[in-house]
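Listed below are the residues making up each chain.
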Amino acid sequence: MRTQVGIVGAGPAGLVLAQLLHLRGIDSVVLESRSREHVESRIRAGVLEQGTVDLLFEMGVGDRLRREGLVHEGIELQFGGERHRIHFTELTGGRSITVYGQQEVVKDLIAARLETGRPLVFEAEVVGVDPERALVRYTHEGAEHTIERDLVAGCDGFHGVCRDSIPSGVLREASREYPFGWLGILAEAPPSNEELIYAYHERGFALHSMRSPHLTRLYLQCRPDEPLDEWPDERIWEELRTRLELPGWTLNEGPIVEKGVTGMRSFVVEPMQHGRLYLAGDAAHIVPPTGAKGLNLAVADVRVLADAIASGDDAQLDRYSETALRRVWRAEHFSWWMTSMLHRLESGDEFDSRLQLSQLAYVCSSRAAATSLAENYVGLESV
Ligand SMILES: Cc1cc2nc3c(=O)[nH]c(=O)nc-3n(C[C@H](O)[C@H](O)[C@H](O)COP(=O)(O)OP(=O)(O)OC[C@H]3O[C@@H](n4cnc5c(N)ncnc54)[C@H](O)[C@@H]3O)c2cc1C
């Protein structure tokens, strides 16, 4: 089998790339190690930047997003017993974010891909990539297959095989491990607030978010290796109430349908390409979720890559990494900054917490500081 582009991974990066290429008449094959059911039910991100939403609409995969996505014109920051609104739309000339689960984006993209009739193979695990020859080896239904193409897009996430197929010494890594993680739950309860609430609390950060008018997504700062079995549902609700509730505002509760702990790290490899292999999304970089950037960056990468592939201009393809990394590093900084401002630091140091509170007060009282947060959160138009 010979196709123009081989795409490893059917997460947001791989599926958006496949659709963008299809719209430009470029053929591709998508190989995904997991089953369709598995990738469609993986609960992960849920905040879409304005640019991501616009692109999904332009690609013709935005019908359900338009109907079911929750458009938010701001977020609330909570500290010192008060809430402060950051009004995105007012501060950014009309831009907003949309809350729509990553698994819903993935379902819409899979449906669109299947409609094109172009190949998307589930339970096809890539076991080796040759970046120089753009050769991909994978196993499917008990047999090993090899495909060769003009180039390979490594969209296989942080734990995939593409990044590791690049010879040692080529990539430079920059990373930061945080001494905390998020204990996240999905609860069958209507959201208690119309917008996201980012709460700084002496017991640790908490986030009130949502996935639909009936599903609330809530997070608690915890240790990266927090044992989940020490968190029966009632303990989770009690801690959420402590960190989020204010006089006159109560948290809606309901059955917890999903629960997990995610460690937090920042990570970037450079360059994001070698030979004829191009890395995109989590395969090349990770951000802590505080800035809601992971999925959006994956989409931004493949937008740059699809343009470069479609241009037919080798020089533009050669500049893929350099172009993508400008946005990647802006998002890395924003995610690190939000994380550092909002989480209880390990030191428990009075100086650190006074600095955090001073920064929060500044963001909420200075239009310039609020605008900086807002334009980064909704996604910069150009970087
Ligand atoms: C548990 C969790 C929670 C998260 N929560 C948030 C959040 O709240 N907010 C936020 O902004 N971001 C969040 N993120 C980050 C966000 O989900 C990612 O940034 C986003 O999924 C990146 O998309 P991607 O397509 O690059 O990678 P992925 O979505 O990871 O897709 C990679 C795909 O490649 C497949 N694959 C891997 N190896 C192979 C192989 N060898 N062969 C074939 N296929 C392979 C995988 O099965 C997967 O489907 C979260 C991530 C995780 C893991």
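Residues numbered from 1 in each chain as written. Predicted model: local features only at pLDDT ≥ 70, side-chain atom pairs only at ≥ 80, totals over all residues. Heavy atoms only, no water.

Enquirer: What is the right way to look at the sheet that holds strand E3 (residues 47-48) in this model?
Expert: Whenever strands of a sheet pair, they do so through backbone hydrogen bonds, lying parallel or antiparallel. Across the sheet, three strands lie side by side as E3-E7-E4; this open sheet has antiparallel pairing. In this open sheet, the two edge strands, each paired with only one partner strand, are E3 and strand E4 (70-72). Note that E4 and strand E7 (residues 97-99) share three bridges and pair antiparallel. Across the sheet, the residue bridging to His72 is Ile97, located in E7. (Pairing = 2+ DSSP bridges. Helix = DSSP H or I, 4+ residues; strand = E, 2+ residues; numbered from the N terminus.)

Enquirer: Explain the pairing of strand E12 (residues 172-187) here, please?
Expert: Successive residues of a regular strand alternate their side chains across the two faces of the sheet. Direction of pairing for E12 relative to strand E16 (residues 256-270): antiparallel, over a ladder of 13 bridges. Paired with Gly184 across the bridge in E16 is Gly260.

Enquirer: Looking at this model, I keep getting lost on the packing of helix H11 (residues 350-365) against helix H12 (residues 367-378). Mind explaining?
Expert: Two numbers describe a pair of packed helices, the interaxial angle and the distance between the axes. Look at H11 against H12: their axes get within 5 Å of each other, and the N-to-C directions meet at 95°. In terms of their interaxial angle, H11 and H12 are classed as roughly perpendicular. Contact residues: H11 offers Tyr362, Val363 and Ser365, while H12 offers Arg367, Ala369, Ala370 and Leu373. Residues that form the contact of H11 with H12 fall into these classes: five nonpolar, one polar and one charged. (Axes fitted to C-alpha atoms, helices over the stretch in contact; angles between N-to-C directions. Parallel < 35°, antiparallel > 145°, perpendicular 65-115°, else oblique. Contact = heavy atoms within 4.5 Å. Nonpolar A, V, L, I, M, F, W, Y, C, P; charged D, E, K, R; others polar.)

Enquirer: Looking at this structure, how should I read the packing of helix H10 (residues 320-342) against H11?
Expert: One way to put it is that H10 packs onto H11 with a least axis distance of 8 Å and a crossing angle of 115°. Two secondary-structure elements touch here, H10 through Trp337, Ser340, Met341 and Leu342 and H11 through Gln356, Gln359, Leu360 and Val363. Here the residues of the contact of H10 with H11 are counted per class, giving five nonpolar, three polar and no charged.

Note that all results are geometric; they support no functional claim without further evidence.
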